[in-house]
Amino acid sequence: MPELPEVETVRRTLNKLIAGKKIRSVSVNLPRIIQKPDDPDVFVAMMEGRTFQSVERRGKFLRFLLDGLVLVSHLRMEGRYGVFREEDPVENHTHVIFHFTDGTALRYKDVRQFGTMHLFAPGEDLISQPLRKLGLEPLSDDFTPDAFAKAIGRRTTKIKPLLLNQEVIVGLGNIYVDEALFAAAIHPERPADSLSRAELKRLHSAIVATLSSAVEAGGSSIKSYVNGQGEMGMFQHRLKAYGRTGEPCERCGSPIAKFALGGRGTHICERCQKLPRGLRSALKPKAPAPEGGKARSNAVKRRLDGTAESASVTEMAEG
């Protein structure tokens, strides 16, 4: 699933491509994508004649600001926006098309068909589902070390599942939680209330730095993500833990290990991210034995090189 850096990159790209464009008509080929209003014909009627003013983001959601309306869109696993000329062939799995008066069109493609669109009056979207209960924005000025520590509180939940909870902090997914915890040298199974003030401050800094670097690199293209112009992200080449099972840790040389935590593939350096004595659980991650004396090649790189075993291109590498 696209995480904050990927959605932010899409937002920035679309903002350049569609701001000021007026909608001539709308085609809805898969009605269940439209969640609000529940009648797609009403959705079409409300959108026609409107002009896209800007594109904003809340967590992993895109907020399209129009004159008098806000369209909230979640890409889910495989959703993708692109701007095309009207005469360009329409790709398979294109479910919603916004036809503009200038002869171009914004097309929404979704192989998995999990994406959603909600239409609101201005101001209603932020106090309504699906945005109402979202947590702190980690790249906003409000995301201070104190605000982060307050959000974590005295919860006994393991720190990785807690960071994945969108009601606590928005936009973090499997890739960037693994990377931030690695950067902060914190084991993902640590109970949140076991973290010291210094560790929380270190983790806060790691989250901000990791996400900022990923946004700068245009996100991570692990399986199928591209931005609104069809361009891949490049942060996958900077990953230190995620997708590097069996490869040497860049800090200490120990092999990166992978295990399941809360149903998610989790990548750590067992030497740099030790559980404190007394907190070590029965769940022991194991690094795979090197084949032929060499660490396994980076799974991310193998996917990009096309040498990995056939993998579904309908997921965003959640584990």
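Draft legend 1. Spotlight on the sheet that holds strand 3 (residues 52-58). Pairing is mixed in the open sheet, where 5 strands are placed in the order 2-9-5-4-3. In this open sheet, the two edge strands, each paired with only one partner strand, are strand 2 (34-36) and strand 3. Across the sheet, the axes of successive neighbouring strands diverge by a mean angle of 25°, strand direction being ignored. As paired strands, strand 4 (residues 61-66) and strand 5 (residues 69-74) are joined by 6 bridges and run antiparallel to one another. Residue pairing for strand 5: Leu-65 is matched across the bridge by Val-70. Of the strands in this sheet, strand 3 and strand 4 are in contact with helix 1 (residues 4-18), which crosses strand 3 at around 175°.

Draft legend 2. Seen up close, the confidence of the model for the chain. With 82% of its residues at a pLDDT of 70 or more, the chain has an overall mean of 87. Considering only residues more than four positions removed or in separate chains, one finds that residues 289-297, a stretch of pLDDT under 50, has 12 contacts. Across residues 299-319, where pLDDT falls below 50, the model places 53 contacts with residues more than four positions away in sequence or in other chains.

Draft legend 3. The arrangement of the packing of aromatic side chains in detail. Applying the stated criterion across every chain, the model contains 7 aromatic pairs. An angle of 85° between the planes, with centres 5.9 Å apart, marks the rings of Phe-52 and Phe-100 as edge-to-face. Of the two residues, Phe-52 sits in strand 3 while Phe-100 sits in strand 7 (residues 94-100), which places them 48 residues apart along the sequence. Taking NZ or CZ as reference, Arg-251 lies 4.1 Å from the ring centre of Phe-182, over its face.

Draft legend 4. The pairing of strand 11 (residues 264-269), seen in detail. The buried fraction of strand 11 amounts to 5 of the 6 residues, a majority that puts the element mostly inside the structure. Bridge count for strand 10 (residues 256-261) against strand 11 is 6 bridges, and the pairing is antiparallel. Within strand 11, the position partnered with Lys-258 by the bridge is His-267.

Draft legend 5. Representation of the nonpolar core in the model. Among the nonpolar cores identified, the biggest contains 33 residues, and Phe-148, Ile-152, Ile-159, Leu-163, Leu-172, Leu-203 and Ile-207 are the most heavily contacted of them. Listing elements by their share of this core, those giving two or more residues are helix 3 (145-152), helix 4 (159-164), helix 5 (174-184) and helix 6 (197-216). The leading source of residues in this core is helix 6, at 7 residues. Ile-207 has contacts with Pro-138, Phe-143, Phe-148, Leu-163, Leu-172 and Ala-180, leaving out every residue within four places of it along the chain. In terms of nonpolar packing, the next biggest core, distinct from the first, is built from 28 residues, Val-7, Val-26, Phe-52 and Val-96 among them.

Here is what the cut-offs are and how they apply
- Residues numbered from 1 in each chain as written.
- Predicted model: local features only at pLDDT ≥ 70, side-chain atom pairs only at ≥ 80, totals over all residues.
- Heavy atoms only, no water.
- Pairing = 2+ DSSP bridges.
- Helix = DSSP H or I, 4+ residues; strand = E, 2+ residues; numbered from the N terminus.
- Axes fitted to C-alpha atoms, helices over the stretch in contact; angles between N-to-C directions.
- Contact = heavy atoms within 4.5 Å.
- pLDDT = per-residue confidence, 0-100.
- Phe/Tyr/Trp six-rings, centres within 6.5 Å; stacked < 30°, edge-to-face > 60°.
- Lys NZ or Arg CZ within 6 Å of the ring centre and 35° of its normal.
- Buried < 20%, exposed > 50% of the residue type's maximum accessible area, 1.4 Å probe, protein only.
- Core = buried A, V, L, I, M, F, W, Y, C linked by side-chain atoms within 4.5 Å.

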